[in-house]
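Each chain, letter by letter, is given below.
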Amino acid sequence: MILFKRANDITAYIRQQQASGLRIGMVPTMGALHQGHLSLLEASKKNTNLTVCSIFVNPTQFNDPGDFQKYPVTLEKDIYALEKISVDILFLPDVADIYPRGVTGLEHYDLGYLDHILEGQYRPGHFQGVCQVMNRLLTIVQPDQLYMGQKDYQQCMVVKKLLEIMRSTIVLHTCATLREPDGLAMSSRNMRLSEPERKKAPAIYQSLLFLKKNLRQGNLSELVAQAGSLLKENDFSVDYVAIANAATLEPLLQWDGQEKLVALIAAYQRDVRLIDNMLMNS
Ligand code: AMP
């Protein structure tokens, strides 16, 4: 695996490889890698000639400075895991390389309502930060294919919108969520859960299954409230439980029995914020 730390160096290398006909796949991450990340890298390796993994804990997407400070960093383990599955390139930039003019006064992206609902509502500015870092990473690497996780459903929609704004030809692949045997979606944040918290954490998955199983045409408020109760019984403090149109992410309180739906949850065990989602009827 080749490790690049400087933007200019990786750009020059990738352009050279593309000129010789190789197709580049990219998986942007914030590190503390788990099997979910590795599954995206495997998908990229299968479909492209050269796979780039980036590790960068992006300060501009953390609305909560405490969350940024506590974000797990396990670089040595990450490098070992990447070597083990033969990832070609690791891009490990520092803040000055991603934001040469500093982290304030950065570009603002018009994401419409996606910026203000669900994650956008509870993490103001989060998706602006995601777009800022993604624009920069994609401009530096210019991959042909981009692999991201359905686990961050709204983020995938935001990045799709960003690619349109950038008039980019990069193809976005949204890959399935990898879960622990008890259903908990794999996440770098899971390692911050204490043992009792970890035992309660699968209640998110169970609530999503409950929604899927009990979904009926008509008003959805009672069903959503019941899923919220299930979370609270497991000591979750809930940001949102929502059912939304799977294509547009517009939250719904009434279902016509036809529309494709996705259920989304964000909730805290203590100060560890977990998110998950599930397609309801596709
Ligand atoms: P992160 O390091 O959390 O920014 O995640 C990097 C990429 O991995 C994002 O595209 C995530 O959606 C994806 N990802 C995170 N968790 C999972 C998971 N459990 N299964 C599949 N992909 C995931």
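Conventions adopted
- Positions within a chain are numbered from 1, following the residues in the order the chain's sequence is written.
- Whole-chain, interface and lining totals are the exception, using all residues; otherwise, since this is a predicted model, local features are given only for residues with pLDDT of at least 70 and side-chain atom pairs are given and counted only at 80 or more.
- Calculation of side-chain values draws on the structure's entire complement of heavy atoms; hydrogens and water are dropped beforehand.
- When we say a residue is near a molecule or strand, we mean one of its heavy atoms is within 4 Å of it.
- Any pair of N or O atoms that falls within 3.5 Å is considered a polar contact. Within protein, one atom must be able to donate a hydrogen and the other to accept it, and sequence-neighbouring residues count only if both atoms are side-chain atoms.
- Where accessible areas are quoted, they stem from the Shrake-Rupley method and a 1.4 Å probe; at the residue level, only the protein chains shown are allowed to cover.
- Numbered from the N terminus, helices here are DSSP runs of H or I no shorter than four residues, and strands are runs of E no shorter than two.
- We call Asp, Glu, Lys and Arg charged. Ala, Val, Leu, Ile, Met, Phe, Trp, Tyr, Cys and Pro are nonpolar, and the rest, Gly among them, are polar.
- Lining residues are those with an atom within 4 Å of a point, where the points come from a 1 Å grid over the protein atoms alone and group into cavities, where a 1.4 Å probe fits but cannot get out, or pockets, open sets with protein on both sides within 12 Å along at least five of seven lines.
- Grid points are joined across faces, edges and corners, and a volume is the space filled by probe spheres set on the points.
- Exposure categories follow from relative accessible area, calculated using a 1.4 Å probe and restricted to protein chains: below 20% of the type maximum is buried, above 50% is exposed, and the middle band is partly exposed.
- Each pair of strands is called paired provided DSSP finds at least two bridges between the two strands.
- Aromatic rings from Phe, Tyr and Trp, with only the six-membered ring used for Trp, were paired whenever their centres fell within 6.5 Å, and each pair was classed as stacked if the ring planes differed by under 30 degrees, edge-to-face if by over 60, and tilted otherwise.
- The arc in question is the one traced by the directions running from the helix axis out to the C-beta atoms.
- In what follows, a contact means two residues having at least one pair of non-hydrogen atoms within 4.5 Å.
- Between N-to-C directions, angles span 0 to 180 degrees; the directions come from axes that are lines fitted to C-alpha atoms, helices contributing only their stretch in contact.

Caption draft 1: Region of the structure containing the site of the ligand. Close to the ligand lie 16 residues, the nearest being M30, H37, D152, L178 and M186. In this structure, M186 approaches the ligand through a main-chain N or O atom, which is 2.9 Å from a nitrogen atom. Across the complex, the protein chains shield 93% of the 490 Å² of accessible surface that the ligand would expose by itself. Where the shell around the ligand is concerned, the elements lending two or more residues are β2 (24-29), α2 (35-47) and β5 (145-149). Broken down by element, the residue count for the shell around the ligand peaks at three residues, all from α2. Split into classes, the residues belonging to the shell around the ligand amount to eight nonpolar, six polar and two charged.

Caption draft 2: Quick peek at empty space enclosed by the protein. Enumeration according to the criterion identifies one cavity of 30 Å³ or more in this entry. Every residue lining the largest cavity is listed: K151, L184, A185, S187, N190, I204, L274, I275 and D276. Take the lining of the largest cavity: its biggest share by element is three residues, from strand β11 (residues 272-279). For the lining of the largest cavity, the residue count by class is five nonpolar, two polar and two charged.

Caption draft 3: Representation of the layout of surface pockets. One number sums up the size of the second largest pocket: a volume of about 300 Å³. If one sorts the elements of the lining of the second largest pocket by residue count, helix α7 (residues 126-141) sits on top with four residues. Split by residue class, the lining of the second largest pocket holds five nonpolar, six polar and three charged.

Caption draft 4: Geometry of the pairing of β5. For β5, the buried fraction is high: five of the five residues fall into the buried class. The two faces of β5 match: Q145, Y147 and G149 on one face and L146 and M148 on the other face are all buried. In the sheet, β2 pairs with β5 via two bridges, with the strands oriented parallel. Each residue of the ladder has a partner; that of M26, found in β5, is L146. The pairing of β5 with strand β6 (residues 171-175) spans five bridges and is parallel. Directly across from G149, in β6, lies its bridge partner C175.

Caption draft 5: Spotlight on the packing of aromatic side chains. Across all of its chains, the model carries five aromatic pairs by this definition. Measuring from centroid to centroid gives 5.3 Å for F4 and Y13, while their planes differ by 45°, and the two rings are tilted. Take F4: its relative accessible area is 11%, and that puts it in the buried class. Judged by relative accessible area, which is 21%, Y13 ranks as partly exposed. Pairing F62 with Y71 gives two aromatic rings, centres 5.6 Å apart and planes at 75°, and the pair type is edge-to-face. Looking at Y71, the relative accessible area reads 10%, which means it is buried. Connected via pairs of aromatic rings, a cluster forms that spans F62, F68 and Y71.

Caption draft 6: Inspection of helix α4 (residues 75-84) at higher detail. The set of residues buried in α4 consists of D78, A81 and L82. The arc that holds every buried residue of α4, seen down its axis, measures 100°, which confines them to one face. Opposite its buried face, α4 presents the exposed residues E76, K77, Y80 and K84, each directed more than 90 degrees away. Contacts made by the buried residues of α4 are with α2, β3 (50-55) and β4 (89-91).

Caption draft 7: Quick peek at the side chain of Q150. Within the secondary structure, Q150 sits in the loop between β5 and α8 (153-165). Engagement of the side chain of Q150 in a polar contact is seen with the side chain of N277, the distance being 2.8 Å. Excluding its chain neighbours within four sequence positions, the residues that come into contact with Q150 are C156, T174, C175, T177, N277 and L279.

Caption draft 8: Layout of the sheet that holds β6. Taken together, six strands build an open sheet; the order of strands is β1-β4-β3-β2-β5-β6 and the sheet is parallel. A single partner strand is all that each edge strand has here, and the edge strands are β1 (2-4) and β6. For this sheet the average axis-to-axis angle between neighbouring strands, irrespective of direction, equals 25°. In this structure, β2 lies alongside β3, joined through six bridges in parallel fashion. Note on β3: the bridge partner recorded for I24 is L50. Helix α1 (residues 7-19) rests against β1, β2, β3 and β4 of the sheet, and its axis sits at about 150° to β4. Packing of α7 onto the sheet brings it into contact with β2, β3, β4 and β5, and relative to β2 it is tilted by some 150°.

It is worth stressing that arrangement in space is one thing and function is another; only the former is reported here.
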